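Analysis of the macromolecular model
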Amino acid sequence: MKKFLITLSIALSLFSCKKDEVKKEVVFMPRDISEVEIGLLLKDSTLNVRAIELVNGYEGLFFLTSTGKGGMIGEDEIVFPIEIDNDNEKLNFRAFASTSEAGFALSIASPAYLYKIGENETSIVYQEDHEKAFYDAMAFWNDKEGIAIGDPTDSCLSIIITRDGGNTWNKLSCDILPEAIKDEAAFAASDTNIAIVGDETWVATGGGASRILYSPNKGETWEVFNTPIVQGNGPQGMYSLDFYDNKNGFAIGGDYTKPADSSANKIRTADGGKTWQLVAQNQNPSYRSCVQYIPGREAKELVAIGFKGVDYSNDAGDSWKHLSDEGFYTLRFVNDSVAYAAGNKRIAKLTFR
């Protein structure tokens with residue numbers, strides 16, 4: 001009996017080991033998406049949209065336009081319009097972010113206006129009159145703390161931060177920020193040159209230099225990392241940045257005045273942005289204004305869009321498949337198969353298959 005029990009114990013042990021081996025052998029298999037269905041939700045000859053946001057608790061997409069208007073769109077209709085009155089000043093919105101309490105709209109150019117949009121009122125919570133003011137993107141870490149970034153007005157990138165839910169915003173001193181290189185700025189192409197994972201933040205610059213500004217602690221301290229993406233002239237550099245987790249990130253851009261050029265316009269990091277590698281050199285896609293990881297796909301699947309079309313990768317950006325020539329500026333995923341895209345004259349629902 002004792003011998004039988006010892007044999008059984010060994011057998012069970014071996015079976016347990018085999019089970020563990022089977023578990024370890026489970027490997028994530030990316031899909032091979034071959035098409036995208038584009039369903040137009042809103043089409044208007046005056047529409048120009050780069051600021052979009054998916055808001056928790058609402059079924060639909062919030063958007064703001066280059067003419068100071070906006071709304072929330074569902075499957076086929078605008079649920080309600082937003083029109084911000086500012087004594088007839090022209091407002092061009094390129095950034096939109098939200099908390100559970102309110103939405104925030106940020107205009108480009110000077111004077112720069114940041115609006116808090118509540119259920120019953122809209123108010124200006126930040127204004128900057130510097131002649132060089134030009135804000136590009138905005139995001140929130142949580143319901144209380146948020147960040148917006150813009151071009152330099154002094155010796156560093158412009159960064160404003162709120163710690164009270166967006167009621168007040170304060171501009172960071174250049175004493176705590178990396179010094180900007182000559183003609184280094186940022187692009188207001190898709191409201192995606194800020195990436196946040198937990199307390200960590202990455203900001204993509206472009207122009208005279210295209211670098212990553214990094215903060216591990218919600219904007220308290222900063223450092224800067226170089227990238228190999230094309231840079232040095234005004235329209236060159238990163239136009240969009242995304243992080244899947246705090247290690248895996250991807251950036252895309254190029255030169256929008258040379259939209260067919262695919263040299264040195266796609267970069268990837270696996271160490272939290274400290275180092276970056278060029279990928280898909282001299283291969284499509286060429287210039288794109290937005291890149292996003294597909295959620296739940298282990299940092300393997302990405303979609304890039306721009307005014308020259310929609311592209312997909314299932315190998316972390318090493319190679320890409322062109323899915324459509326339809327042009328858009330910006331993109332946000334609802335789940336692993338559906339996204340909203342917006343651009344010139346249109347807002348659409350994209351379904352990937």
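Refer to the structure presented above.
What comes next is a walk through the structure. Small disclaimer: the values here were computed from a predicted structure and weren't measured.

This brings us to the sheet that holds strand β8 (residues 122-128). One open sheet accounts for four strands, arranged β5-β6-β7-β8; its pairing is antiparallel. Each end of this open sheet is capped by a strand with a single partner; those strands are β5 (93-98) and β8. For this sheet the average axis-to-axis angle between neighbouring strands, irrespective of direction, equals 20 degrees. Alignment of strand β6 (residues 103-107) against strand β7 (residues 112-117), held across four bridges, turns out to be antiparallel. Following the sheet pairing, leucine 106 is matched in β7 by leucine 114.

This next bit is on the layout of surface pockets. Here the largest pocket is characterised by a volume of approximately 1,400 Å³. Along its surface, the largest pocket is lined by 45 residues, and Glu53, Leu54, Val55, Ala97 and Ser98 are the ones closest to its centre. Counting residues per element, the ones that place at least two in the lining of the largest pocket are β1 (36-54), β4 (78-83), β5, β9 (135-140), β14 (194-197), β19 (236-243), β23 (290-293) and β27 (330-333). Each residue belonging to the lining of the largest pocket can be placed in one class, and the counts come to 25 nonpolar, 11 polar and nine charged. Taken as a whole, the second largest pocket spans an internal volume of roughly 250 Å³. If you trace the second largest pocket, you find 13 residues lining it, with Asp44, Leu47, Thr65, Lys69 and Gly70 closest to the centre. Of all the secondary structure elements, the ones that give two or more residues to the lining of the second largest pocket are β1, β2 (61-65), β3 (69-73) and β4.

With respect to topology, four strands assemble into an open sheet ordered β23-β24-β25-β26, the strand pairing being antiparallel. Each end of this open sheet is capped by a strand with a single partner; those strands are β23 and β26 (321-324). Ignoring which end each strand starts from, the neighbouring axes of this sheet average 25 degrees apart. Sheet analysis places strand β25 (residues 309-313) next to β26, joined by three bridges and oriented antiparallel. What sits directly across from tyrosine 312, in β26, is lysine 321.

Definitions and limits used
- Residues numbered from 1 in each chain as written.
- Predicted model: local features only at pLDDT ≥ 70, side-chain atom pairs only at ≥ 80, totals over all residues.
- Heavy atoms only, no water.
- Pairing = 2+ DSSP bridges.
- Helix = DSSP H or I, 4+ residues; strand = E, 2+ residues; numbered from the N terminus.
- Axes fitted to C-alpha atoms, helices over the stretch in contact; angles between N-to-C directions.
- 1 Å grid on protein atoms, 1.4 Å probe; cavity = no way out; pocket = protein on both sides within 12 Å on 5 of 7 lines; lining within 4 Å.
- Points joined across faces, edges and corners; volume = space filled by probe spheres on them.
- Nonpolar A, V, L, I, M, F, W, Y, C, P; charged D, E, K, R; others polar.

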